[in-house]
Number of protein chains: 2
Amino acid sequence: MNRLNPHISVDCVIFGFDEKQLKVLLIERERLQDENLDIPMEVLKLPGSLISDAEDLDASAHRVLLELTGLDKIFLHQFSVFGDPSRLANTKHLAWLKATSGLPIERVVTVAYYSLVKIKESNPSETLLSRAKWISVNELPQLVFDHNIIINKALKTLRKELRTEPIGFELLPKKFTLRQLQNLYEVIMGINLDNRNFRKRVGKLSYLAVLPEKQKGVSHKPAFLYKFDKKAFEKERKDVGFVI
Amino acid sequence: MNRLNPHISVDCVIFGFDEKQLKVLLIERERLQDENLDIPMEVLKLPGSLISDAEDLDASAHRVLLELTGLDKIFLHQFSVFGDPSRLANTKHLAWLKATSGLPIERVVTVAYYSLVKIKESNPSETLLSRAKWISVNELPQLVFDHNIIINKALKTLRKELRTEPIGFELLPKKFTLRQLQNLYEVIMGINLDNRNFRKRVGKLSYLAVLPEKQKGVSHKPAFLYKFDKKAFEKERKDVGFVI
DNA sequence: ATTACTTAGCGTATTTTATACGTTAAGTTT
DNA sequence: AAACTTAACGTATAAAATACGCTAAGTAAT
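Residues numbered from 1 in each chain as written. Chains lettered and ligands numbered in written order. Predicted model: local features only at pLDDT ≥ 70, side-chain atom pairs only at ≥ 80, totals over all residues.

J.: What exactly am I supposed to notice about the nonpolar core here?
T.: As a rule of thumb, nonpolar side chains are buried together in soluble globular proteins. Counting 94 residues, the largest nonpolar core has Cys 12, Val 13 and Ala 112 of chain A together with Cys 12, Val 13 and Ala 112 of chain B as the members making the most contacts within it. Setting aside its immediate chain neighbours within four residues, Cys 12 of chain A contacts Leu 46, Pro 47, Gly 48, Ala 61, Val 64, Leu 65, Tyr 113 and Ser 115 of chain A. (Core = buried A, V, L, I, M, F, W, Y, C linked by C-beta atoms within 7 Å. Buried ≥ 20, exposed ≤ 12 C-beta atoms within 10 Å, placed from the backbone. Contact = placed C-beta atoms within 7 Å.)

Have a look at this one:
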């Protein structure tokens, strides 16, 4: 009843932000028992899995994420499906996929999710951590199958969503400084923001709440810490006109 | 080699705008030969199809659309995947699906597309037209399976996209008046726009070109016709800041 | 031909929001 | 106490959005 469905998979693009760079969590492929495949072990892939028969897609993605990051209730958005019949055409990688799954793989349509995690607060299990790596989106090597394409689309989606949704907070610690928030936007969007105007702007947001606490352990004037007030955001959200 | 893949389907939410209302193109289910199913014939569904084995997802959706509307190069966006294991749980509808496809259906994950067509310029084939109906999104009956849910999500997506992408034009005739454009936004977004400010706003858009032609056959002052200049749009598109 | 009616189309004044840039304050390190 | 670094506030200007008044150009009715 809990068989794997060999036709449909989920893949997760897990983004993290380490104050300087936007990163993606990738894993090394598993080593097989009778390893005689002609693929270097360093080949990286997105965390993903075939879905199981009775499992909802979102549930599959959450499962993959829980296994990999130890995080439970996490930001996770389905953003695209990849179903090109030749997406698994690479014969070496395909041989490996067949070997690991033990299933007669023909065509796999994969549902892609992207996820935003607070790197420092995530807590991957030991075993997986050893095979998982945070790689900067600017330094991605060639990955298995169409995983580079999937990440590119995830990035595009993230940038687009970041314009209209308050999701940047998902990548920062619960308590953060305005400078961290600004850096995040600058890095992900690839722009420069005037610090003074940025503060004025976010200062007006009802859902960005100052805490009675300051940054600690920095060798300069410590900044106040802020948090994202989700409830305030949901109240305030009003649809204002449109843009052609 | 061109077998149907019984695990994956595409469904298309085809939007049209008739100057007053936003509509969706739905079709009556096919009548079967040995018809003894306990389902009224009036039950409507989204145009869709199982994909065939060697076919890309986008290609499948285009195929469905071509068959139904006679339109070839058309606006078509993948917007979501629906894979709840119980989405086909309605036993009557499922029996009918099994009968029409002749396949042992177990679980079908469907990839949903939305499409924008110019109602008056579309040209459905005769046979299909007899089974196809434009239904206002405000007057949708209960459809098969989870098709109401799919349409709701398509609508949400359309409204969101309409804020940032110049896609409204896809729903209007090639030549349209500013009033038509305004009505379109008012109806789809459910808002009222000040006619004078609307004109000022769109008047600044480089990609909205006046034609040396006026409306004909109206019993009042005829308005100038406009067209959407796609090339101008692509040139002008510049990324302007962001919104948290 | 005049009047009524309807929608097109232009304009101006005001408020709100975004941009550009100067300056002081509060910490740490030497 | 001086040098250094980042936080934090402010003001002047430009651009964009909003609110609202009015005239123009056509058709239809009298």
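J.: I tried to follow the relation of the copies chain A and chain B on my own but got confused; where do I start?
T.: The relation between the two copies of this chain is a rotation about an axis and a shift parallel to it. The transform that puts chain A on chain B rotates by 180° and translates by 0.0 Å along the axis, for an RMSD of 0.0 Å. Here the symmetry operator amounts to a two-fold rotation axis. Taken as a fraction of all interface residues of chain A, those also at the interface in chain B reach 100%, which identifies the copy contact as same-surface. (Least-squares fit on C-alpha atoms with pLDDT ≥ 70 in both.)

J.: Is there a simple way to think about the protein's contact with DNA strand C in this case?
T.: Near DNA strand C, the surroundings consist of 18 residues, among which Arg 196, Ser 219 and Lys 221 of chain A together with Arg 179 and Arg 196 of chain B are the closest. In terms of residues, the surface near DNA strand C owes the most to one element, helix α6 (residues 195-203) of chain A, which gives four residues. Grouping the constituent residues of the surface near DNA strand C by class yields three nonpolar, six polar and nine charged. (Near = placed C-beta within 6 Å. Helix = DSSP H or I, 4+ residues; strand = E, 2+ residues; numbered from the N terminus. Nonpolar A, V, L, I, M, F, W, Y, C, P; charged D, E, K, R; others polar.)

J.: Would you take a moment to explain the confidence of the model for chain A for this structure?
T.: As a note on interpretation, predicted positions should not be read in detail where pLDDT is low. When the pLDDT values of chain A are averaged, the result is 89; 89% of them are 70 or greater. Confidence drops under a pLDDT of 50 for residues 238-244 of chain A, and excluding neighbours within four residues, the segment shows ten contacts in the predicted structure. (pLDDT = per-residue confidence, 0-100.)

J.: Any chance you could explain the interface of chain A and chain B here in plain terms?
T.: Interface size, as often reported, equals the accessible area lost upon joining of the parts. Tallying the contact residues gives 29 residues for chain A and 29 residues for chain B. For the side of chain A that touches chain B, the elements supplying multiple residues, two or more each, are β1 (4-17), β5 (75-82), β6 (109-117), α4 (147-164) and α5 (178-189) of chain A.

J.: What should I look at first to understand the domain arrangement of chain A in this one?
T.: All names here are of chain A. Segmentation of chain A into domains returns domain 1 (4-164) and domain 2 (172-236). Taking only C-alpha atoms into account, the centre of domain 1 sits 30 Å from that of domain 2. Listed as interface residues are ten residues of domain 1 and, on the opposing side, eight residues of domain 2. The biggest single contributor to the side of domain 1 that touches domain 2 is α4, with three residues. Tallied by class, the residues present in the side of domain 1 that touches domain 2 amount to four nonpolar, one polar and five charged. (Domains from an automatic or database assignment.)

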